[in-house]
Amino acid sequence: MIPSVNGFLNSDFIIEEQPSYTYKLTNKIGGYIDSQEAIIQTIYCILNTERYQYMIYSWNYGIELIDLIGEPVNYVMPELKRRIIEALTWDKRIIEVNDFTFDVSKNEISCKFTVYTIYGEVQIQKVVNF
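Every value quoted in this text rests on a predicted model; they were computed, and no experiment measured them. (Residues numbered from 1 in each chain as written. Predicted model: local features only at pLDDT ≥ 70, side-chain atom pairs only at ≥ 80, totals over all residues. Heavy atoms only, no water.)

Chemist: Help me get a handle on the packing of aromatic side chains, residues and values and all.
Modeler: Within the structure shown, the criterion is met by 8 aromatic pairs. Taken together, a centroid distance of 5.9 Å and an interplanar angle of 65° make the contact between Y61 and W90 edge-to-face. One end of the pair, Y61, is in the loop between helix 1 (35-47) and helix 2 (73-88); the other, W90, is in the loop between helix 2 and strand 3 (94-105), with 29 residues separating them in the sequence. Accessibility expressed as a relative area gives 16% for Y61, which makes it buried. Note on F100 and F113: the rings are 5.1 Å apart at their centroids and 20° apart in plane angle, and the pair reads as stacked. With F100 in strand 3 and F113 in strand 4 (residues 108-117), the pair connects residues that are 13 residues apart, well separated along the chain. Of the two residues, F100 and F113, neither departs from the other in class, the shared state being buried. Taken together, the ring pairs in this structure connect Y54, Y57, Y61 and W90 into an aromatic cluster. (Phe/Tyr/Trp six-rings, centres within 6.5 Å; stacked < 30°, edge-to-face > 60°. Helix = DSSP H or I, 4+ residues; strand = E, 2+ residues; numbered from the N terminus. Buried < 20%, exposed > 50% of the residue type's maximum accessible area, 1.4 Å probe, protein only.)

Printed below as a string of structure tokens:
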């Protein structure tokens, strides 16, 4: 028999959103950051973590880029856009990702885009080898 503690098991739990206050990552952990600087760091970490490759991360974290290697440019550009949007918009602090521009040179694509967050807009660039 499971004991009942004043209806504890039947009560509703309220999960509050995590604050953006976090450690500042450089070559070493160096202080703390908050707001827009923290979301820029989050974007950088998401876009540089291959999804499904590390057991420490949830399957919602990171971006899938490995399978784009060797694919034609006309496939990689729209797929990269879709994957960036998908990877970033799981974070509730990110409202929208758009204004994509692509620059193709040799075996890499430079993708520039704007991320609209609750702290303002941020210009981001991601270079992908294909």
